[in-house]
There are 4 protein chains.
Amino acid sequence: MNTIGHNFRFTSFGESHGLAVGGIVDGCPANIEIDFEAISTDLKRRRGNRADTTQRHETDEVEFVSGLKGGLTLGTPIAFFLRNGDCRSADYELLKDRFRAGHADYTYQARYGTRDHRGGGRASGRETATRVVAGNIAKQVLATVGVSVGAEVLKLAPERDGDTRGGAVVCHIRGIKAGVGDPIFGGLDSELAAAAMSIPSATAFEIGCGTAASDMNGSQFVDKWVAPFVTETNHCGGIQGGISNGNEITFTVHFHPVATIPEATQCISSDGTIEYLALGGRHDRCHVHRLPVVVEAMAAIAIANHIKL
Amino acid sequence: MNTIGHNFRFTSFGESHGLAVGGIVDGCPANIEIDFEAISTDLKRRRGNRADTTQRHETDEVEFVSGLKGGLTLGTPIAFFLRNGDCRSADYELLKDRFRAGHADYTYQARYGTRDHRGGGRASGRETATRVVAGNIAKQVLATVGVSVGAEVLKLAPERDGDTRGGAVVCHIRGIKAGVGDPIFGGLDSELAAAAMSIPSATAFEIGCGTAASDMNGSQFVDKWVAPFVTETNHCGGIQGGISNGNEITFTVHFHPVATIPEATQCISSDGTIEYLALGGRHDRCHVHRLPVVVEAMAAIAIANHIKL
Amino acid sequence: MNTIGHNFRFTSFGESHGLAVGGIVDGCPANIEIDFEAISTDLKRRRGNRADTTQRHETDEVEFVSGLKGGLTLGTPIAFFLRNGDCRSADYELLKDRFRAGHADYTYQARYGTRDHRGGGRASGRETATRVVAGNIAKQVLATVGVSVGAEVLKLAPERDGDTRGGAVVCHIRGIKAGVGDPIFGGLDSELAAAAMSIPSATAFEIGCGTAASDMNGSQFVDKWVAPFVTETNHCGGIQGGISNGNEITFTVHFHPVATIPEATQCISSDGTIEYLALGGRHDRCHVHRLPVVVEAMAAIAIANHIKL
Amino acid sequence: MNTIGHNFRFTSFGESHGLAVGGIVDGCPANIEIDFEAISTDLKRRRGNRADTTQRHETDEVEFVSGLKGGLTLGTPIAFFLRNGDCRSADYELLKDRFRAGHADYTYQARYGTRDHRGGGRASGRETATRVVAGNIAKQVLATVGVSVGAEVLKLAPERDGDTRGGAVVCHIRGIKAGVGDPIFGGLDSELAAAAMSIPSATAFEIGCGTAASDMNGSQFVDKWVAPFVTETNHCGGIQGGISNGNEITFTVHFHPVATIPEATQCISSDGTIEYLALGGRHDRCHVHRLPVVVEAMAAIAIANHIKL
């Protein structure tokens, strides 16, 4: 549902135009000194500053309400929220009885028999801000055991007049010793895949050389030893049998373009009429620039769940 | 760990050269008449019959020991096992103190401080037979609500003299109504990704048009309505916001080639010596032919966990 | 950890003297109209109004920040918090380096290597206010399927000059059809026991006639049929084999007296000195009056997790 | 459902008159040398040897089929089963369309729309043999960190001609350091209560002085320090705020008498007729003698889930 992980566990809440979005981090070790500046920096990375990202102004001040004393973690649940300011819900009034093509409007309605139509409701990209906060805490926890996580844009779909663009993000996890992860259904690759695919607009997950592996022969693919437990290549992306092998863990996530084309978004109304609307609302032309920090967050949350802390 | 799912839950056990592999299916609805022939047929599909699959002769007779009375499910745990016959453990004697390149030998050792070196132990492809049994039960359960699952080989790496081959499998899930799945961290795409990536040798997961989506613009990607809740294309693969939209669910899984090249498998011994061994053991040149039924199984298990039964 | 339930799931957060306590209810069905007045009434019951309950003035205004639109549930996580006003943390300054006898001061320190010493921190009875909110939502959900939960004080320890008093609370769950609950480790009795024993100061749980059953012979204990599926007695408390039998479910919870005797609380300091302190802080002479609503809350949360909603 | 625990996890399967009962222990640390004799000894304790226990002859040979190599644990799932010999299913033919008073016959039928009527099916005491196996493994694991578990009969209901008897069992867990357990909903007392109450016929759970605490005043109940972290009494049973305090953990479980009075068991048939039958089947006059080892098993499984192994 809205919870990921067990030992390091994150629960997210909030609708885009409700009072706040936020979350609870449970299972965070005690006595970690939280660097709040680092959290702000990651939230700033997520907001983006390019002309082609959303015009919604989010101040993203995180309010922590539990789990900390004097800046140190207590080991108890860390609850936080980010107020939703600058909502222009009126922009979305048209959507009350309409479902946008390419969005989760219809699926939420089918699932729950209701939905918050304002700003995408629960399915809004706004929710990813909570992941960035939890993910930054996870990164700080991982840093105490020498593990770091970094992601960047790998490619972008071509720029076309006024259209939105897909893209891909690559992520590297460094400093993980061999032997982390559970085999079979608890493998690191399975959990990273689930974590990454939960990011809105994700369409594919590749570990190591990913899709390229299906075109290879064994003699090409196998990562050969060149010294004790050191390999020449890292085609498998640092994971074998679900367990880390001591190499860098690398994976790639692909994202489809944002579905809202501001000038003309196709909608279907509850009475079946199909029409094109010039919706207001503020949307990214290229949201991929904002995603590396979200990918990092999900990777860090997934890994923190497995590291002995 | 070795359990997947909650409402429909499968736990797997067994090493390749132990007494048996098997599993427990929990949460299966009561009063389902099990078609045992269908289970045998799927196990036969998994064994494969081509010249390039493993020479190990598995009879694969499933023994059910609980959860059934007169061929009907009781709603209680269904435990089953498949005895491991035709083990030639001696073939693996060399591996006692050696780790094969491209295998999970070293990662299991790092994780547990021990491992069963015979036939790959727990990490053997043999374990997937248990998934096929549980997956077939899941398919039979899904059939009662009109849902079917089918997978097939999408492509194979080129054939080269004596070398092993990677490949990809595409899977279609039909008959799912709109509104199935949980958003955020419990999305169908996340759970299908985790289920698929848990199959040994999986390296990538794509939902709908997958990696191609990252090269698209919004106007290309969006699945447009052509009639009430009917779309022209299915680029999103039947899932939006983690929830089914009523279309077919389609995903693709990529697999790397099997790492064992029978004539010369690179190994490292515990004292650090790197060498090439002509290992015995029986291995697939092209294991991809055997995987569609495993992909179906994992898909069915993941979906059965979400369908109201 | 801080989460209970799966299908209907409650996560609690907050320290007694932090900014707020609160929680997230996940899995609540959509389109339930929430009666906020009922929540306030239950919080008032928990605060108590007798001379012998704590003097801390809690306004207990619940702020809901997600999961609701126009007073109706959305099916998404319902997050709420109650600000901690009227904290006199200075009262607890003495406890920074001391552990009180009969409290969880020492065990939290041993578990986490730190603790919030102010007002009992996470282990304070204050946290139960969050359960009352979640429990009232659960009761409202259960009411939609005809199930009600009611608890009352069954007995109190004798009143002695200035001393605190233990007591017991009995709870009745009405309107549950036969066939609710999972057998073996998911039985309703197991889950009610776990839920009840999680209430601070709980020391015993009895289902039906409870401890008295161990003094009985079979001919006395068995609840005899008097008409189809109607029994003469209800010794088993409405649950057999972990599953409801259609009778009222009845259970009793025993609570030890509050450990703080305001005039002289025994403490041990980190250097090993044992002393008696007249601690400030505001504590209940008889907290049992405040517990029926907490017992109801935990019962409702446990049952809502099992009812098909 | 049929699984208990997370880090140390046990799943049970099997009906009384099916082919076998058994289970899977997952999360057991690697490289533990299993003492199979100790498992047999515990199974013998469970079978009992007194005149007043069931006449069914169970050989109780455990067959381990995975997770072990050379008597050492591999860290992978340990699956085992006990064949059901000596079943006289014909004895139960009458029960096909009848529900016994005091049994789970009717609740299983209501829950699943079917049941295995032979020998109690899934609800039979036979299932507890699997817990004894898993519990003994848990005890062996706990022994590696200095923790031991022991239980004994505390009291028995009076003996009356031909009638069955209730009773109570007390359990002591020794060697647990302070700081084990999770607060709030993951407390050791909650988890021990759930584990104990899952034993068939359990009706009450008491931690420490249990029900007596509700008659006490604070000055009587509080366990006073007599030396650094040593208390004079152990009224709280070694757990405060859900976390161990370093004392012995003590709890008591009460059990109702077995409901089958062999000479005349009240039954209701599916057409509503109430009658008394002299059922065959073999039942305990006093099953309480057999329960200490089951209580130990459940305690050990619950504690192993919390100890850092």
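Keep in mind it's a predicted model, so treat the numbers as computed, not measured.

So, how was this worked out
Residues numbered from 1 in each chain as written. Chains lettered and ligands numbered in written order. Predicted model: local features only at pLDDT ≥ 70, side-chain atom pairs only at ≥ 80, totals over all residues. Heavy atoms only, no water. Contact = heavy atoms within 4.5 Å. Buried area = accessible area lost by both parts, 1.4 Å probe. Salt bridge = Lys/Arg side-chain N within 4 Å of Asp/Glu carboxyl O. Nonpolar A, V, L, I, M, F, W, Y, C, P; charged D, E, K, R; others polar. Pairing = 2+ DSSP bridges. Helix = DSSP H or I, 4+ residues; strand = E, 2+ residues; numbered from the N terminus. Buried < 20%, exposed > 50% of the residue type's maximum accessible area, 1.4 Å probe, protein only. Least-squares fit on C-alpha atoms with pLDDT ≥ 70 in both. Axes fitted to C-alpha atoms, helices over the stretch in contact; angles between N-to-C directions.

### Some remarks on the interface of chain B and chain A
Taken together, the 89 residues of chain B in the interface contact 90 residues of chain A. Of the roughly 7,000 Å² buried at the junction of chain B and chain A (both faces included), carbon and sulfur atoms supply 63%. When the buried surface of chain B facing chain A is broken down by residue, B:I184, B:F185 and B:W225 rank first, second and third, together holding 12% of it. Run the count over chain B and chain A and you get 4 salt bridges. In this structure, A:D215 and B:K155 form a salt bridge, with 3.0 Å as the shortest nitrogen-oxygen distance. A per-class count over the side of chain B that touches chain A returns 45 nonpolar, 29 polar and 15 charged. Pairing analysis gives 3 bridges linking strand β11 (residues 202-207) of chain A to strand β11 (residues 202-207) of chain B, with the strands arranged antiparallel. Of the residues in β11(B), the one forming a bridge with A:A204 is B:E206.

### Observations concerning the pairing of strand β16 (residues 249-255) of chain A
All names here are of chain A. With 7 of its 7 residues buried, β16 lies for the most part within the structure. The side-chain alternation of β16 yields two buried faces, one formed by I249, F251, V253 and F255 and the other by T250, T252 and H254. Pairing of strand β10 (residues 167-174) with β16, which is carried by 7 bridges, proceeds in the antiparallel orientation. Its bridge partner lying in β16, V170 is registered against T252.

### Topic: the relation of the copies chain B and chain A
Least-squares fitting of chain B to chain A yields an RMSD of 0.0 Å, with the transformation described by 0.0 Å of translation along the axis and a rotation of 180°. Classification of the inter-copy transformation places it as that of a two-fold axis. Of all interface residues in chain B, 100% are interface residues in chain A too; the two copies therefore contact each other through one and the same surface.

### Brief notes about the interface of chain A and chain C
Contact with chain A, which involves 40 residues of that partner, is made by 39 residues of chain C. Taking both sides of the interface into account, the surface hidden between chain A and chain C amounts to around 3,000 Å²; carbon and sulfur atoms contribute 61%. Linking chain A with chain C are 0 salt bridges. The leading source of residues in the side of chain A that touches chain C is strand β2 (residues 9-14) of chain A, at 5 residues.

### Let's talk about the sheet that holds strand β4 (residues 62-64) of chain D
Residue and element names in this part refer to chain D. Read from one edge of the open sheet, 5 strands run β1-β2-β3-β7-β4, paired in antiparallel fashion. The sheet terminates laterally at β1 (3-4) and β4, the two strands that pair on one side only. Pairing geometry for strand β3 (residues 20-26) and strand β7 (residues 78-83), over 6 bridges, is antiparallel. The residue of β7 that forms the bridge with G23 is F80.

### Concerning the relation of the copies chain A and chain C
Superposing chain A onto chain C takes a rotation of 180° combined with a translation of 0.0 Å along the rotation axis, leaving an RMSD of 0.0 Å. A share of 98% of the interface residues of chain A reappears at the interface of chain C, consistent with the copies meeting face to face through the same patch.

### Let's talk about the sheet that holds strand β1 (residues 3-4) of chain B
All names here are of chain B. Pairing is antiparallel in the open sheet, where 5 strands are placed in the order β1-β2-β3-β7-β4. At either end of the open sheet lies a strand with only one pairing partner, and these are β1 and β4 (62-64). Across 3 bridges, the pairing between β4 and strand β7 (residues 78-83) is antiparallel. By the bridge assignment for β7, V62 is matched with L82. Each of β2 (9-14), β3 (20-26), β4 and β7 is contacted by helix α3 (residues 128-143), which is oriented at about 145° to β7, the strand it contacts most.

### Re the pairing of strand β18 (residues 274-277) of chain C
Residues and elements named next belong to chain C. Here strand β17 (residues 265-269) runs beside β18; their pairing, made up of 4 bridges, is antiparallel. Along β18, the bridge assignment pairs T265 with L277. With antiparallel pairing between neighbouring strands as the criterion, β17 and β18 make up a hairpin whose turn holds 4 residues, including G272 at a positive phi of roughly 100°.

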